[in-house]
Structures are given as structure tokens and as C-alpha cells.
Amino acid sequence: MTESSTIMLLNGENCLRAVNGRKTDKNGFVKNHCLFQQQQQKYRRPKENHNIWHNGGLYKKPFVESFEETPLLVAVLTYMGYGILTIFGYLRDFLRNWKFEKCHVATEREEQKDFVPLYQDFENFYTRNLYMRIRDNWNRPICSVPGAKMDLVERATHDYNWTFEHTGKVVKDVINMGSYNYLGFAENTGLCADAATECTVKYGVAVCSSRHEMGNFDIHEELEQLVARFLGVESAMTFGMGFATNSMNIPALAGKGCLILSDELNHASLVLGARLSGSTIRVFKHNNMQSLEKLLRDAIVHGQPRTHRPWKKILILVEGIYSMEGSIVRLPEVIALKKKYKAYLYLDEAHSIGALGPGGRGVVDYFGLDPRDVDIMMGTFTKSFGAAGGYIGGKKELIDYLRTHSHSTVYATSMSPPVAQQIITSMRCIMGEDGTTLGQERLRKLSENTTYFRKRLRDMGFIIYGNNDSPVVPLMLYMPAKIGAFGREMLKRNIGTVVVGFPATPIIESRARFCVSAAHTREMLDTALNAISEVGDLLQLKYSRHRIPTS
Amino acid sequence: MDMKNLREYLGWLYYQYLLITSIYVLEPWEQSIFNTVLFTMVAMVIYTSYVFVPIHVRLALEFFSGLCGEQPESTVALMN
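Residues numbered from 1 in each chain as written. Chains lettered and ligands numbered in written order. Predicted model: local features only at pLDDT ≥ 70, side-chain atom pairs only at ≥ 80, totals over all residues. Heavy atoms only, no water.

Enquirer: I would appreciate a short explanation of the pairing of strand E6 (residues 235-239) of chain A in the present structure.
Expert: In the case of a regular strand, side chains alternate between the two sheet surfaces. The element E6 of chain A is largely enclosed, with a buried count of five among its five residues. Of the two faces of E6 of chain A, the one holding Ser-235, Met-237 and Phe-239 of chain A and the one holding Ala-236 and Thr-238 of chain A are both buried throughout. (Buried < 20%, exposed > 50% of the residue type's maximum accessible area, 1.4 Å probe, protein only. Helix = DSSP H or I, 4+ residues; strand = E, 2+ residues; numbered from the N terminus.)

Enquirer: How should I be thinking about the sheet that holds strand E18 (residues 498-500) of chain A in this particular structure?
Expert: Residues and elements named next belong to chain A. Strand order in the open sheet formed by three strands is E16-E19-E18, with antiparallel pairing between adjacent strands. Whereas interior strands pair on both sides, the edge strands pair on one side only; in this sheet they are strand E16 (472-476) and E18. Going across the sheet, the axis of each strand differs from the next one's by a mean of 30°, ignoring polarity. With three bridges connecting them, E18 and strand E19 (residues 511-515) associate as antiparallel partners. Looking at E19, one finds that Val-498 is bridged to Arg-513. (Pairing = 2+ DSSP bridges. Axes fitted to C-alpha atoms, helices over the stretch in contact; angles between N-to-C directions.)

Enquirer: Would you mind showing me how to read the UniProt feature "domain: Aminotransferase class I/classII large" (unreviewed entry) in chain A here?
Expert: In this numbering, the UniProt entry assigns the feature "domain: Aminotransferase class I/classII large" (unreviewed entry) to residues 172-532 of chain A. Helix makes up 43% of residues 172-532 of chain A and strand 17%. Its end C-alpha atoms lie 19 Å apart. (UniProt positions renumbered as here; feature names shortened; annotations may be inferred.)

Enquirer: What exactly am I supposed to notice about the sheet that holds strand E5 (residues 165-176) of chain A here?
Expert: Adjacent strands of a sheet form backbone hydrogen bonds with each other and so pair up, either parallel or antiparallel. Residue and element names in this part refer to chain A. On the basis of which strands lie adjacent, the open sheet formed by three strands has the order E4-E5-E17 and mixed pairing. Since the sheet does not close on itself, it has two edges, and those belong to strand E4 (149-156) and strand E17 (495-496), each with one partner. Bridge count for E4 against E5 is six bridges, and the pairing is antiparallel. Pairing of Arg-155 across the sheet is with His-166, part of E5.

Enquirer: In this structure, what is going on with the domain arrangement of chain A? I would like to understand it.
Expert: Interfaces are often described in size by the accessible area the parts lose on coming together. Residues and elements named next belong to chain A. Parsing chain A into structural domains produces domain 1 (70-176 + 438-550) and domain 2 (191-431). Spacing between the C-alpha centres of domain 1 and domain 2 amounts to 29 Å. Taken together, the contacts link 19 residues of domain 1 with 17 residues of domain 2. Applying the counting rule to domain 1 against domain 2 returns one salt bridge. Residue Arg-511 is joined to Glu-325 by a salt bridge in which the shortest nitrogen-to-oxygen separation is 3.0 Å. Put simply, domain 1 and domain 2 have seven residue pairs in polar contact (both at pLDDT 80 or more) between them. Mapped onto the side of domain 1 that touches domain 2, the elements with two or more residues apiece are helix H13 (438-460), strand E15 (466-467), E16 and E19. Across the side of domain 1 that touches domain 2, the residue classes tally to nine nonpolar, six polar and four charged. (Domains from an automatic or database assignment. Contact = heavy atoms within 4.5 Å. Salt bridge = Lys/Arg side-chain N within 4 Å of Asp/Glu carboxyl O. Polar contact = N/O pair within 3.5 Å; in protein donor to acceptor, adjacent residues only side chain to side chain. Nonpolar A, V, L, I, M, F, W, Y, C, P; charged D, E, K, R; others polar.)

Enquirer: Explain the pattern of salt bridges to me, please; I cannot follow it from the model alone.
Expert: Oppositely charged side chains can pair when the atoms bearing their charge come close. Under the counting rule described, the total for this entry stands at 30 salt bridges over all chains. Between Arg-428 of chain A and Glu-433 of chain A there is a salt bridge; the shortest N-O distance is 3.6 Å. A salt bridge links Glu-62 of chain B to Arg-58 of chain B, with the nearest nitrogen and oxygen atoms 3.3 Å apart. One end of the pair, Glu-62 of chain B, and the other, Arg-58 of chain B, are both in helix H2 (residues 28-79), four residues apart, so they sit about a helical turn from each other.

Enquirer: When you look at the interface of chain B and chain A in this model, what are you seeing that I'm missing?
Expert: Taken together, the contact between chain B and chain A spans 17 residues of the former and 24 residues of the latter. Taking both sides of the interface into account, the surface hidden between chain B and chain A amounts to around 1,800 Å²; carbon and sulfur atoms contribute 69%. It is Ile-20, Val-25 and Glu-27 of chain B in chain B that bury the most area against chain A; as a group they hold 29% of the surface buried on that side. Remark: the boundary between chain B and chain A carries three salt bridges. Of the charged contacts in the structure, one is a salt bridge between Arg-133 of chain A and Glu-30 of chain B, with a shortest N-O distance of 2.9 Å. Where chain B packs against chain A, one counts five residue pairs in polar contact (both at pLDDT 80 or more). Looking at the side of chain B that touches chain A, the elements with two or more residues in it are helix H1 (2-20) and H2 of chain B. Counting residues per element, the side of chain B that touches chain A draws most heavily on H1 of chain B, at six residues. Tallied by class, the residues present in the side of chain B that touches chain A amount to 12 nonpolar, three polar and two charged. (Buried area = accessible area lost by both parts, 1.4 Å probe.)

Enquirer: Help me understand the packing of aromatic side chains, please; the structure alone is not making it clear to me.
Expert: The way to describe two aromatic rings as a pair is by their centre distance and the angle between their planes. Residues and elements named next belong to chain A. One pass over the full model with this rule turns up 21 aromatic pairs over all chains. Note on Tyr-131 and Trp-138: the rings are 5.2 Å apart at their centroids and 25° apart in plane angle, and the pair reads as stacked. Relative accessible area serves as the criterion here: at 27%, Tyr-131 is assigned to the partly exposed category. Aromatic ring contacts, followed pair by pair, group Tyr-59, Phe-63, Tyr-366 and Phe-367 into a single cluster. Of note, Arg-155 hangs over the ring of Phe-164, and the distance from its end group to the ring centre comes to 4.1 Å. Its end group placed over the ring of Phe-185, Arg-442 keeps NZ or CZ at 4.5 Å from the ring centre. (Phe/Tyr/Trp six-rings, centres within 6.5 Å; stacked < 30°, edge-to-face > 60°. Lys NZ or Arg CZ within 6 Å of the ring centre and 35° of its normal.)

This is the structure:
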């Protein structure tokens, strides 16, 4: 017991080791110093991974996530379906190659036929032969504001989705379950829209320069101070594009000789930024703290690959909410690990800012932690604030360094003034500084809608991934034909959904992804849920084996 | 209205078959090719089983009963 079984965290909290009752060996050292041991489970639950983790005070409320396993029959049938489509894909490619059929795909010119092929290679096989056949579920043109209800342009195709033509009609009042409109700020009337209009009248729309040269407006300075206050950090900086915030700033923060530990399911912008930086990248299993700890320990013990010198810095890249899984990062544990092993943490709150936490301040607020523990807080304004762009917040020295060294400030255009004004107004609304309780109401409505929607879907018998509190709800479809069928059937019932398939998800785990919004009323959610249940019965999507019989 | 329900039910079953085998996404002529090939294979399996399974079952029964029948006879012969 003298070999202390607790460690002191910087904020004075005691964190109990999950290993209980380890005895010391002859030297007096406890053999395994790992912070988070794999819990030895007596009964292996084969079906579900229900993690209710009460780890010695790190989590203030239960953390309930579930990723139900794919039923075996469904997996076999899905592989069979993909096999059949592959055979037909080969058949069609053969016909196209031997000119029995007109080829709609891009081909090289006659003179270049003997060169190395530019277009017809295997990577495009999937695009040509599956994606094209169900392409009418994506890129649907929207002709109104993407709020809780929207209008879609009706399209017709006469050559099986190779070309579309507009029939001239508009599908009105489609319930929007796909837009990232978590707090409902995507609207063309109201406080934010009026403020943005005034701003357009004052500044115009164009910035016409990069931030470094002539694109630094007073509205940008105001926005940055507001963002810093909102997040609870010393200083913040905003950029014109959310993707570019990640991909252009990670290279400025890490370089050769640094180590980046990135989660398995990180977004493409984080992956691109990590690759552009030139650091060594190691991937840990999704949200798995034992895997992360093992990588950290290996990195510190062995150092750089050949020379075994210590790493210049270790940067951990995680996201607040992972939009394809609906899972929330285990932030208290990541922070405990980062403090123990002296690594830096980069938190990408693209989906969680404004959507989680009692004050809408993101995943740090949700867990009740100190924002100063996260070294670099990054996020985007696209999702909850109804605007565009990204920000990075942290210590003043860090932000001053980024102001001069980031690629985005020097080369990319800065944010447009009406967009910045929209963010300012919506952020003030969320913080309550404009004197109304509108922000608080929206936050409360979002969390109510999320709980209700998830509970109803689970009770119906669908397989839903993710944390109970995340507003992103992935519903598993699995089979390739059901991807197309689900999208089309939902549109017939006037509900717009987003379905996702292979490159974005593992090949058999295709899903439909719903984004709950504070702008959805209870009636809209009920309509949507009834339609989803109907389509689920029609397509036989209710795979879950934990069905609670409805009374 | 039983015929109507029955036809609807059969239509729904066909839709499930289209979804599970992923034929749903293919063009009609490809669907016809697949249906023809599958139907031909199933017809051949049924024909083969109709012609050959009774004969094989009868031969198998004879073989096994012959095997079990011989043993007691030979021991009786030895005893005598």
C-alpha cells in the first residue's frame, strides 16, 4: 500500500488506479505502472459493449456508449451482395472496354491510349459500378435555407444516374434530418440574419486579401476576443474554412522529429494535416485508452525509430464527437494520460462545440473539466453557429506563434464579414449576453430532442451507434442495396436523410446518419420517427437483438 | 381480398430478395440475367434431386442394412 495506489492530478483530484490490490514484488516496485488497466471481465458480453465507467471520480456522470456487433447472417449476406455487384461490375467494365456499350466515364484521348492509364484503374471500380448506380441520394440541390424543413429541386435521370435533369418542380417542406444545424441557427429571419444584413451593408461581402496582408478587419478582432471568452481560453484565432484550419495549422505545430498519435477514425482534415506536417504518425484504436497509453509508453521508452533520441514533442489528435460513429471522446482519461506522459493535446470540436455541455461550450464543458488542460482547442463554426470557418484557441503564446507561422493566415483569404457577424450574434445568443434566454432554450431543446430521438429509435429495434448524449445518430443499414433504397424511400415520405457507404465507413458497415437539431419540433421528430419505422419494416432494418417489446 | 393480400405479400418478398442480393441497384437487363441464371441453377438442382435422390437413398439404406444384417448371421454360423 505504500507504493501509492493513487496519483495526484494537477487540479488536486485523486485518481484511483483501476488496478486494485496489486502487491509489490521483491524490489518494492509495483510491476505494472499503467494508469488504465484492461478491466478483467468475468463474463464476456458478446453482443454489446455497454461501458458504464465509474473510474474513481474522473467521470461525473455515467458514460454510456453502445456499438452493437453486426449480426453474423447480415454480415454474410452483405458480403454476398458486394460479391454479386463486383461480378456485374466486371461484366460492365468488359462491355465498356470492348465497346459494346457507351462509356460515360472519362477516358484518355486516342493518342494517349498506350500511356499509363489515367482514369480506368481499380480505385474507380467502386465509383463506376456501385456509387453511380445510387448516386441520386447525394448532391441533391437545395433551394431554400437548410433549416428544420427545406425545399429540394426535383431531378430525373434517363440513363441510370449518369446525367440528371431538373424537371422544374420543387419538393417543398422536406424534413431535414441531415444538416449539421444543431442549434437551429440556419435561418433567414431573426436576430442573426438582421445583424448579418447590416454588416453586409456596412462592409460588403468580399475581403479581397489574406489575413496577414490587408484582410484583418475589426470585426475579426472582435470575433476572436468573443471566441476566447466563450471557450475560456486566453486567446483565439479564426480562419475562413474549417477544413483548412486543421490541414494548415497542424503542419505549423508539428514537424520532423515529432510524434503524432491520432485516433483511428479521425477526420480527413486531421489526417491530411498530420501527413503534411512530416511527423511520424501512429494510430491508436478508436477511443481506446489502453491502446493510447501503450503507444505513449512505447514512444517514451524507445524514442525515435533508428536513433532512439527522445521525440521533440508528442501531439495527441482527438475529436470531440466523431461524426460517423456518434461517439464522444473519453476526455478525462485523455487529459490524465497527457499529464502523466507530458504530451500535448489537440482537440477538434467540430461537431461538439455548441452541441454538448450545459452552457454549450463543448465537450470540455460536458465533462466539467478545465479548458486550460487542453493545449489546443480547435473547432468549426459550420455546425452549431450556422456560419462557416474555424478557430483555434489556447495560450496567448501559441496563438501569437500561429498568427505568423500558419499557412492559412499568410495565404488564405480571411473570413467574410457577414459570416463573422453571424457567428458573433449566435455566440452572444448562446452565452446569453444579448439579454434573452433564447440560447439556453435552444441548448435545452437540443438535448431533449437528442434523448427522445435516440430512445425511440432504440426502442423500435434499430441498431444505433454512439453515445446517448450525442446529437449525431448513425443507424446501421449494412447491405449495399439498402443504402439506395433507404435514401429513396425516405425522400418519398418527404424526409431528407444522409446515407453513407464505403469509403467513409468500413465496407460492411454502411449507415444512415441523422443529425438532430434544436429547430426540430416534437411533431417533426414524431413524423420522422414514424416514417423511419415504416421504412425499417419495409426494408427489414430492425436488426437489434435487444429489442424491448413495446407495451 | 385474400388474392390481393397474397399478391402484395409476394411482391414484398420479391423486394426483399432484390435488396438482399443487391440486384435492386442494377439495371433491368442485368436483373433479368441474374434471375435467369439463378432460376436455371435452382431448376437444375431440383431436377437432379428429383431424379437421383430416391435412388441414392434406397442404395444407401440397402448398404447399411446389409452391413448390420450380416453380423449376427456370421456369429451364429461360428457358434454352430
